[in-house]
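Architecture at a glance
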Amino acid sequence: MTGENQTPEALGQVADAVKGNWVDRYAPEAARPYLRLSRADRPIGTWLLLLPCWWGLLLAMIHDGRAGWHDLWIFVGCAIGAFLMRGAGCTWNDITDRHIDGSVARTASRPIPSGQVSVKQALVWLVIQALVAFCILLTFNLAAIALGVLSLLPVAVYPFAKRFTWWPQVFLGIAFNWGALLAWTAHTGALEFPAIVLYLSGIVWTLFYDTIYAHQDAEDDALIGVKSTARLFGERSPAWLLRFLILAVVLQAFAVMLAVLEVSAFALLLALCGVWAFGWHLHWQLQRFDAHENDILLRLFRSNRDAGLIPLPFFALAFLV
């Protein structure tokens, strides 16, 4: 059989990867299974881990009116760290879920269940990614370093959450939005209340987008006994998504007010415009939600990169005024 008439899965590609992604096209063949294990062929997760970092950094800069070269490094370091820690987290997730993934159509082609990578090889790759990320963390202040180390706890627990709770998306949100706390603290040197409120907003946002994502696997999850908010809500999902939308926007607006209120009225207005636009993107997703169309579900989930990017230029302008 030639490469031209083999299926993507037969070539080692993962079923839900972005078509024509750089890993499948350009990465060295020996590196591809490890990059797929890190979800480098599906960059949306890195964005969703990174964006709360950038929210937290920009709001912290507005809050105290300071910016320096180290903030540029925090901006870049968070991006590199998000790529590495998302990769480490996904590697850990695939190690713990290797038996489950083999029973689900969308995940059976992942590197471990498909036999491209052994569990031992995956563990070594996990350690390498985590150590490099730790080296980046060491360039931040002590409070941020402590928060970064503490973040390993929710990362370690998350893969097991779907075995004991109908709300594993909460555990994902706790892990994925930790950067809002870390980046704020890396800039200011202390964890403060606006960052905590922003973090809570991010957790609710995760409930919104990951419930959409989980509907792709609802039938397979029911067969193997895996829990999720998609299975819990069922046909009531649109009503729950609306609740998450409202709460995420309200909490983000509250965080902005706490951070910006004493700066200037114009800066506050600009920052709140970003929150408003973020909310409208979530509303756009909700209007197109269809629990029975996997292509739509995946497209909506991936669109949350754009949703999370929307507040950033508004926050940046609020800092500059």
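Residues numbered from 1 in each chain as written. Predicted model: local features only at pLDDT ≥ 70, side-chain atom pairs only at ≥ 80, totals over all residues. Heavy atoms only, no water.

**Considerations on the overall build of the protein chain**
Rules: Each helix is a run of H or I in the DSSP string that is no shorter than four residues. Each strand is a run of E no shorter than two, and both are numbered from the N terminus. Buried residues are those whose accessible area, probed at 1.4 Å on protein chains only, stays under 20% of the maximum for their type, while exposed residues exceed 50% and partly exposed ones sit between those limits. When checking whether two residues touch, look at their non-hydrogen atoms; a contact exists if any pair is within 4.5 Å. Here the accessible surface of atoms and residues is derived via Shrake-Rupley with a 1.4 Å probe, and residues count as covered only by protein chains that are part of the display. Only four residue types enter the tally: Lys and Arg on the positive side, Asp and Glu on the negative side, with His and both chain ends excluded. Charged side chains are reduced to one point each, which is NZ for Lys, CZ for Arg, CG for Asp and CD for Glu.
For the protein chain, the helix and strand inventory stands at 18 helices and zero strands. Expressed along its principal axes, the backbone C-alpha trace of the protein chain runs to roughly 65 × 45 × 40 Å. Of all 321 residues assigned to the protein chain, the portion counted as buried reaches 52%. In the protein chain, 74% of the contacts between residues at least 6 apart in sequence involve partners at least 24 apart. When the accessible surface of the protein chain is totalled, it reaches about 14,400 Å², and 69% of it is carbon and sulfur. Mean positive and mean negative side-chain charge positions of the protein chain (22 and 23 charges, respectively) differ by 3 Å.

**Describing a nonpolar patch on the surface**
Keep this limit in mind: For patch detection, residues must exceed 30% relative accessible area and be free of salt bridges, and they are connected within 9 Å for like charges or within 5 Å for nonpolar side chains (Val, Leu, Ile, Met, Phe, Trp, Tyr). For this analysis, a salt bridge means a side-chain nitrogen from Lys or Arg found within 4 Å of a carboxyl oxygen belonging to Asp or Glu.
Taken together, the side chains of Leu-191, Phe-193, Ile-196, Leu-200, Phe-254, Met-257 and Leu-258 define a hydrophobic patch exposed on the protein surface, amounting to about 560 Å² of accessible area. Where the nonpolar patch is concerned, the elements lending two or more residues are α11 (193–214) and α14 (237–260). Relative to the helices and strands, Ile-196 resides in helix α11.

**Some thoughts on the nonpolar core**
Keep this limit in mind: We call a set of buried Ala, Val, Leu, Ile, Met, Phe, Trp, Tyr and Cys residues a nonpolar core when their side-chain atoms join them within 4.5 Å.
In terms of nonpolar packing, the biggest core is built from 73 residues, with Leu-59, Trp-205, Phe-208, Val-256, Val-260 and Phe-315 touching the most fellow members. The biggest single contributor to this core is helix α3 (residues 44–64), with 14 residues. Setting aside anything within four residues of it in sequence, one finds Phe-208 in contact with Leu-241, Phe-244, Leu-245, Leu-282, Gln-285, Leu-286 and Asn-304. Residues Leu-37, Ile-95, Ile-112 and Ala-122 belong to the second largest nonpolar core, which totals five residues.

**Regarding the side chain of Arg-86**
Rules: Whenever a nitrogen or oxygen atom comes within 3.5 Å of another N or O atom, the pair is scored as a polar contact, on the condition that within protein one atom can donate a hydrogen and the other can accept it, and that pairs from neighbouring residues in sequence are kept only if both atoms are in side chains.
Residue placement: Arg-86 occurs in helix α4 (residues 69–96). Lacking a salt bridge, the buried Arg-86 has Asp-41 as its closest oppositely charged neighbour, with an N-O distance of 6.5 Å. Among the polar contacts made by the side chain of Arg-86, one reaches the main-chain carbonyl oxygen of Arg-39 at a distance of 2.8 Å. Here the side chain of Arg-86 touches Arg-42 through a polar contact of 2.7 Å, landing on its backbone oxygen. Excluding residues within four positions of it along the chain, Arg-86 makes contact with Ser-38, Arg-39, Arg-42, Pro-43, Gly-45, Thr-46, Leu-49, Gly-81 and Phe-176.

**Regarding the packing of aromatic side chains**
Where we set the bar: Classification of ring pairs rests on two measures: the distance between centres of Phe, Tyr or Trp rings, Trp counted by its six-membered ring, which must be within 6.5 Å, and the angle between planes, read as stacked under 30 degrees, edge-to-face over 60 and tilted in between. Ring-over charges, as used throughout, are those where CZ of Arg or NZ of Lys falls within 6 Å of the ring centre and within 35 degrees of the ring normal.
Following the criterion strictly, the structure yields 19 aromatic pairs and no others. One Lys or Arg, Lys-227, reaches over the ring of Trp-166 and ends 5.7 Å from the middle of that ring. It is Arg-305 that lies over the ring of Trp-47; its NZ or CZ is 5.9 Å from the centre.

**Quick word on the packing of α11 against helix α15 (residues 265–288)**
To keep things clear, this is the line we draw: A fitted line through C-alpha atoms serves as each axis, taken over the contacting stretch for helices, and the angle formed by two N-to-C directions is quoted from 0 to 180°. Working rule for angles: under 35 degrees goes down as roughly parallel, over 145 as roughly antiparallel, 65 to 115 as roughly perpendicular, anything else as oblique. By convention, the crossing between two helices is left-handed when the near helix turns anticlockwise from the far helix through less than a right angle, and right-handed when the turn is clockwise. Polar here means any residue other than Ala, Val, Leu, Ile, Met, Phe, Trp, Tyr, Cys and Pro, which are nonpolar, and Asp, Glu, Lys and Arg, which are charged; Gly is therefore polar.
Between α11 and α15, the shortest axis-to-axis distance is 12 Å and the interhelical angle comes to 25 degrees. As far as their axial angle goes, α15 and α11 are roughly parallel. Every pair of crossing elements has a handedness; the one defined by α11 and α15 is left-handed. From α11, Trp-205, Phe-208 and Ile-212 reach across to α15, where they touch Phe-278, Leu-282, Gln-285 and Leu-286. Along the lines of polarity and charge, the residues of the contact of α11 with α15 split into six nonpolar, one polar and no charged.

**Concerning helix α8 (residues 152–164)**
For an α-helix, 3.6 residues make a turn, and residues three or four places apart therefore share a direction. The cut-off we apply is this: Throughout, the bend at a residue refers to the angle made by two axes, fitted to the seven residues ending there and to the seven starting there.
In α8, a bend of some 45 degrees at Tyr-158 exceeds every other bend along the element, and Pro-159, a proline, comes one to four places later. Turning to α8, its buried residues number three or more, namely Pro-154, Pro-159, Ala-161 and Lys-162.

**Some points on helix α18 (residues 311–320)**
Just so we agree on the cut-off: The arc in question is traced by the directions running from the helix axis to the C-beta atoms.
Within α18 the residues assigned to the buried category are Pro-311, Leu-312, Phe-315 and Ala-318. The arc enclosing the buried residues of α18, seen along the axis, measures out at 125 degrees, which places them on a common side.

**Considerations on the side chain of Asn-93**
With respect to the helices and strands, Asn-93 occurs in helix α4. Asn-93 gets classed as buried once you look at its relative accessible area, which sits at 9%. Beyond its immediate chain neighbours, meaning those up to four positions away, Asn-93 contacts Arg-39, Arg-110, Tyr-158, Pro-159 and Lys-162.

**Remarks on the confidence of the model for the protein chain**
The test is simple: Each residue carries a pLDDT value, the predictor's own confidence for that position, ranging from 0 to 100.
Scored by pLDDT, the protein chain comes out at a mean of 91, with 93% of its residues at no less than 70. For the stretch residues 1–10, pLDDT sits under 50, and the model shows six contacts to residues farther than four places along the chain or on other chains.

**Remarks on the layout of surface pockets**
Heads up, the rule is: Both site types are read off a 1 Å grid over the protein atoms alone. A 1.4 Å probe that fits but cannot get out defines a cavity, while an open set with protein on both sides within 12 Å along at least five of seven lines defines a pocket; lining residues have an atom within 4 Å of a point. Grid points are joined across faces, edges and corners, and a volume is the space filled by probe spheres set on the points.
Taken as a whole, the second largest pocket holds about 220 Å³ of empty space. Surrounding the second largest pocket, His-215, Gln-216, Ala-218, Glu-219, Asp-220, Gly-234, Glu-235, Ala-291, His-292 and Asn-294 form its lining. When residues of the lining of the second largest pocket are assigned to their parent elements, the largest contribution, three residues, is made by helix α12 (residues 218–224).

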